[in-house]
Amino acid sequence: MRNSASPLGEPRGICLINLENVAFNYGGGDLLSEVSLRLAPGSFHFLTGPSGAGKSTFLKLCYGDLLATSGHVTLFDRNVRDLSRDEMALTRRRIGVVHQDCQFLDHLPLLSNVGLPLTVAGKAVQDSDIKDLLTWVGLEKLTNALPPSLSGGERQRAALARAVIMGPDVILADEPTGNLDWDMSLRLLALLVELNRMGKTILIATHDLNLIRQAKSQVATRVLRIAKRRLQLAGADL
Amino acid sequence: MIKLPAILSDHGDGVVPPSGPTAWLTTATAAAMAFLAVFALALALASGRLAERWSAALDRSATVRISAPVDQLALQTAAVLEVLSTTPGISAARALDLAEQQKLLEPWFGPDLPLADLPLPQLVEITEGSEGYDRDGLRQRLQAEAPGAVLDDHSRWREPLAAAATRLRILGYLSVFLIGATMAAMITLAARAALAANSQVIRVLRLVGAKDDYIARAFVRRFTLRAAGGACIGTVFGMAAIFVLPAQEDAGSFLTGLGFQGAGWLLPLLLPVLAALVGFLATRTASLSNLRRIT
Ligand SMILES: Nc1ncnc2c1ncn2[C@@H]1O[C@H](COP(=O)(O)OP(=O)(O)OP(=O)(O)O)[C@@H](O)[C@H]1O
Ligand SMILES: [Mg+2]
């Protein structure tokens, strides 16, 4: 395989998410190019870069919401292009995503929204389990609130609860602490670190360098940076 | 406030927001279509009965009418019966007596007609055997033996009527089919509009791992119920309207015969089932093809 960019991440072994020399554009010039990444089980990555660099776009490539313009994206050893729509649905159940814009069903209360991945997968939903999870993210008082009535930070915490409810192998979080105060950010980070210790693979896109430093003191992390359309390993200054 | 169990118990319907104020339009249209379909069905069945009766009569019976001066009438009648009895393909021939002729004329002239005083033609009823007979040959022989005898095999006036009734029956069934097709088109449009209105919801569902089938089910369920419910209402009203039409009389004219008979009343009950099927297939097709476009 001719690879102009050396793959970042773990050099060998099975990998959950694998990008190989990927390029992407929204129709204009390339937003990302020569992007390669192997996301091995149990790893903890941060993704940084200036606003508009393509962090959200990169994450969307990682859960099959967008298809690479060129190169290969492999999820759980299956090329995304070869997945049928049903297989894509099944793959999404193994990847928990905290979307930057959260994406809830506005007509359903928080409890139903957080349980939604279970519901659509046809699994039994235990109200008490969801309430436990909501307590974990500090939203136990809002189980019956409708999403439009929540604050930005509350929505982000709910989104994290929804992302982990299926017990996914991988958690991709897009600016999960963007609207949170420092205490709540630390609490969320603690949750993610705990999940990582349980063996989950974590990838967090964030601007928050303090958060990254805080994480580095708790867990072995790698920091990726998108700059000039390329994905690079960030320097040791972090 | 919507409770959580709702989204589980109703098979995914709850994950799609409740429909807007125009939802009843689908039900109302389905009701109107079913109402029309009941009439189309009644028309098809009634004209079917008529076509059958007329063509059966066409095949089975004929009449020989003998008009002659009173003194020759008995003679010619005997001659006609003789001819008929030797004609292959005719199983029976019988001269109608006075009382029978009186009965035939009664609807037109009343019961007190002094039949004996009128120069009425004698009627001879022919029953055809299964193999049929040679009409033209019979006509020629009758002409020779009894100049006043005319073979009336009813085909002259019944044939076009039977043909018209048959065509009317086809038109009736065609109408039922067209009504079904219109309903399918209407439901497809409504389902597409609902999918478009809910594209954001569908996106969220896809992102959390819902299969197309699951998302489609919520819409399919809704529109199937609406189509079936509307069709039930329309069918009940249609059947009631047919029921209160004047009942069929002996004369059996077409208009009073428009209706259902016996087990025929069960047939319109199939309409809600058909409507549900049409609703199901139309919504499912529309959903699955549109979901592909949305995400
Ligand atoms: N659907 C789209 N169609 C066209 N252009 C898009 C689309 N989505 C994003 N872009 C563009 O692609 C670029 C990268 O967007 P993206 O959301 O990935 O950036 P980001 O790194 O996540 O930024 P931020 O830190 O502000 O969230 C932006 O310039 C944006 O305008
Ligand atoms: Mg972003």
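Since the structure is predicted, the reported quantities are computational estimates derived from the model, not experimental observations. (Residues numbered from 1 in each chain as written. Chains lettered and ligands numbered in written order. Predicted model: local features only at pLDDT ≥ 70, side-chain atom pairs only at ≥ 80, totals over all residues. Heavy atoms only, no water.)

(A) Representation of unusual backbone geometry in the model. Residues and elements named next belong to chain A. At Asp77, a residue that is not glycine, the phi angle is positive and equals roughly 65 degrees. Of note, Asp77 is situated in the loop between β5 (70-75) and β6 (78-79). Located in the positive-phi region is Arg229, a residue other than glycine, with phi close to 70 degrees. Checked against the element boundaries, Arg229 lands in the loop between β10 (222-227) and β11 (230-233). (Helix = DSSP H or I, 4+ residues; strand = E, 2+ residues; numbered from the N terminus.)

(B) Structural detail: the coordination of the magnesium ion (ligand 2). Protein ligation of the magnesium ion (ligand 2) involves A:Ser56 (OG) and A:Gln100 (OE1), the donor distances falling in the range 1.9 to 2.1 Å. Highlighted residues: A:Ser56 in helix α1 (residues 55-62) and A:Gln100 in the loop between β7 (95-98) and α3 (110-120), separated in sequence by 44 residues. (Donors = N, O, S within 2.8 Å, 3.2 Å for Na, K, Ca; no water.)

(C) Quick look at the site of ligand 1. All names here are of chain A. As a structural note, the neighbourhood of ligand 1 is formed by 13 residues, with Ser51, Lys55, Ser56, Thr57 and Gln100 the closest of them. Between ligand 1 and Tyr26 there is a distance of 3.3 Å, counted from a nitrogen atom to a side-chain nitrogen or oxygen. Contacts to ligand 1 include Ser56, whose side-chain N or O atom sits 2.7 Å from an oxygen atom. Summarising the interface, the protein chains cover 57% of the accessible area of ligand 1, which totals 630 Å² for the free molecule. (Near = heavy atom within 4 Å. Polar contact = N/O pair within 3.5 Å; in protein donor to acceptor, adjacent residues only side chain to side chain. Areas by Shrake-Rupley, 256 points an atom, 1.4 Å probe, with all protein chains shown as cover.)

(D) Expanded view of empty space enclosed by the protein. Applying the stated criterion across every chain, the model contains 3 cavities of 30 Å³ or more. A volume near 110 Å³ is recorded for the largest cavity. Lining the largest cavity are A:Arg92, A:Arg93, A:Ile95, A:Gly96, A:Val97, A:His99, A:Pro117, A:Arg162, A:Ala163, A:Met166, B:Leu207 and B:Val208. Looking at the lining of the largest cavity, the elements that each hand over two or more residues are β7 and α5 (152-164) of chain A. For the lining of the largest cavity, the element with the most residues is β7(A), which contributes 3 residues. For the lining of the largest cavity, the per-class residue count stands at 7 nonpolar, 2 polar and 3 charged. (1 Å grid on protein atoms, 1.4 Å probe; cavity = no way out; pocket = protein on both sides within 12 Å on 5 of 7 lines; lining within 4 Å. Points joined across faces, edges and corners; volume = space filled by probe spheres on them. Nonpolar A, V, L, I, M, F, W, Y, C, P; charged D, E, K, R; others polar.)

(E) Highlighting the packing of aromatic side chains. Residues and elements named next belong to chain B. With the rule as written, the count across this model stands at 5 aromatic pairs over all chains. An aromatic cluster is present here, built from Phe243, Phe260 and Trp265 joined pairwise through their rings. The ring of Tyr133 has Arg135 sitting right over it, with the charged end atom 5.0 Å from the ring centre. The lysine or arginine in question, Arg226, covers the ring of Phe223, its NZ or CZ lying 4.9 Å from the ring centre. (Phe/Tyr/Trp six-rings, centres within 6.5 Å; stacked < 30°, edge-to-face > 60°. Lys NZ or Arg CZ within 6 Å of the ring centre and 35° of its normal.)

(F) View of the pairing of strand β8 (residues 170-174) of chain A. Residue and element names in this part refer to chain A. Buried residues dominate β8, accounting for 5 of its 5 residues. Two strands pair when backbone bridges link them, and β7 and β8 are joined in this way by 4 bridges, in the parallel orientation. Paired with Ile95 across the bridge in β8 is Val170. Relative to strand β9 (residues 201-205), β8 runs parallel, the two being bridged by 5 bridges. Each bridged residue has a counterpart across the sheet, and for Ala173 the counterpart in β9 is Ile204. Where the polypeptide runs from β8 across helix α6 (residues 182-197) and back to β9, its parallel neighbour, the crossover connection is right-handed. (Buried < 20%, exposed > 50% of the residue type's maximum accessible area, 1.4 Å probe, protein only. Pairing = 2+ DSSP bridges. Right-handed = clockwise from strand over helix to strand, strands pointing away.)

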